[in-house]
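Read off the chains here:
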Amino acid sequence: MELIISPNNSFNKFEKDYLKKIIIFAEKLLRKNEISIPKKIYFYNSFKRFIEKVLLEVESYGFNSRISKEIIKCALNNGTYGTIDFKKNSIIEMNFNPFNRGEYFSIDFLELIIHESLHLHLSKKIKKDINYLKFKFNKNKFIGNKKIIQFDEGYAEFMTKKILEEVDISTISTIKKMKISKKNQEKPPYKKMLNNFDIEKFDKIFENLLISNRNLGFKIFEKKFKENSDNKKILDFALDELKKII
């Protein structure tokens, strides 16, 4: 997995080495669990560049460019942001979490790689970009299919937990000691209202939609595979359920 940092001079040598070590470890976990490895991971230290990178995805929800930019900035005010680029077989992440002062937690970076790799793996297997199917809106009203969110997010959440549970405590402790500085300390400003569209209201609707269906999806997988943790059967179940919908 190739690491692409933007801007390239964002980290010192030690931090770059830490990021590469975490990526190598993530690759080992993915191989062990027969999960395909993404080609690249884009790690952004620029809000502007990050927004440009993920803009098309948010526009695909049903919004114009101006509103999409404000949605992204509002989302960054409320937590970290990771996604995938299906066509480029890549993970995209912003080096920012408003709740972690001065630091981007290295264990979060590991978890992100695993989680987004699972989303990408599922999309590859179904041969469709699930990210562009999950969320569809007419203004603030969701007009998509919640089951797509449940089985995509449920699979990624369940498998991420399963994979990381295999990692011994000493390795987790070592990873946590790898300090990654957060270059952006201030939250990006955003417009609360734009063209009579309530950005903050949408953010709350979106967050509730994502979290509630992710949790429901996780419970579905947890109940079905409480006794049987075979990775292939878990993947096949997710694919079969998605094929009924998509």
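Structure: see above.
Summarised in this report is the structure supplied together with it.

Criteria and thresholds
- Residue positions are given per chain, counted from 1 along the sequence in the order it is written.
- Only residues with pLDDT of 70 or above have their local features reported here, since the model is predicted, and side-chain atom pairs are shown and tallied only from 80 upward, although totals for entire chains, interfaces and linings are computed over all residues.
- To obtain the side-chain values, all non-hydrogen atoms of the structure were included, while hydrogens and water were left out.
- Three exposure classes are used, based on accessible area relative to the maximum for each residue type with a 1.4 Å probe and protein chains only: buried under 20%, partly exposed in between, and exposed over 50%.
- In DSSP terms, a helix is any run of H or I states spanning at least four residues, a strand is any run of E spanning at least two, and both are numbered starting from the N terminus.
- When DSSP finds at least two bridges between two strands, those strands are taken to pair.
- In the analysis that follows, any N or O atom pair within 3.5 Å is treated as a polar contact, provided that within protein one partner can donate a hydrogen and the other can accept it, and provided that, for residues neighboring in sequence, both atoms belong to side chains.
- We call two residues in contact whenever any of their non-hydrogen atoms come within 4.5 Å of each other.
- For our purposes a nonpolar core is just a set of buried Ala, Val, Leu, Ile, Met, Phe, Trp, Tyr and Cys residues, chained together by side-chain atoms within 4.5 Å.
- Here an angle of 0 to 180 degrees is reported between the N-to-C directions of two axes, which are lines fitted to C-alpha atoms, with helices fitted over the stretch in contact.
- Each angle receives one of four descriptions, namely roughly parallel if under 35 degrees, roughly antiparallel if over 145, roughly perpendicular if within 65 to 115, and oblique otherwise.
- Gly is put with the polar residues, along with every residue not named as nonpolar or charged; the nonpolar set is Ala, Val, Leu, Ile, Met, Phe, Trp, Tyr, Cys and Pro, and the charged set is Asp, Glu, Lys and Arg.

**Some words on the pairing of strand β4 (residues 90-94)**
The buried fraction of β4 amounts to 5 of the 5 residues, a majority that puts the element mostly inside the structure. Alternating residues of β4 divide into Ser 90, Ile 92 and Met 94 and Ile 91 and Glu 93, and every residue in both groups is buried. Relative to β4, strand β2 (residues 40-44) is paired through 5 bridges, and the arrangement is parallel. Looking at β4, one finds that Lys 40 is bridged to Ser 90. Pairing geometry for strand β3 (residues 82-85) and β4, over 4 bridges, is antiparallel.

**Digging into the side chain of Glu 15**
By the secondary structure assignment, Glu 15 is in helix α1 (residues 13-32). Among the residues examined, Glu 15 registers a relative accessible area of 7% and is labelled buried. A polar contact is formed between the side chain of Glu 15 and the side chain of Ser 181, at a distance of 2.6 Å. Contacts of Glu 15, omitting those with residues within four sequence positions, involve Lys 179, Ile 180, Ser 181 and Lys 183.

**Re the nonpolar core**
Residues Phe 109, Tyr 155 and Phe 221 are the most contacted members of the largest nonpolar core, which totals 44 residues. For this core, the leading source of residues is helix α4 (residues 106-126), giving 8 residues. Other than its neighbours up to four places away in sequence, Tyr 155 contacts Ile 35, Leu 118, His 121, Leu 122, Gln 150, Phe 221, Ile 234, Leu 235 and Ala 238. Val 54, Ile 72, Ile 92 and Ile 149 belong to the second-largest nonpolar core, a separate cluster that totals 30 residues.

**Some details on the packing of α4 against helix α7 (residues 169-176)**
Contact geometry of α4 with α7 gives a least axis separation of 7 Å together with a crossing angle of 115°. Compared by their axis directions, α4 and α7 come out roughly perpendicular. Between α4, through Ser 106, Ile 107 and Leu 110, and α7, the contact on the second element is made entirely by Ile 172, Ile 175 and Lys 176. Across the contact of α4 with α7, the residue classes break down as 4 nonpolar, 1 polar and 1 charged.

Purely geometric stuff here, so don't read any function into it on its own.
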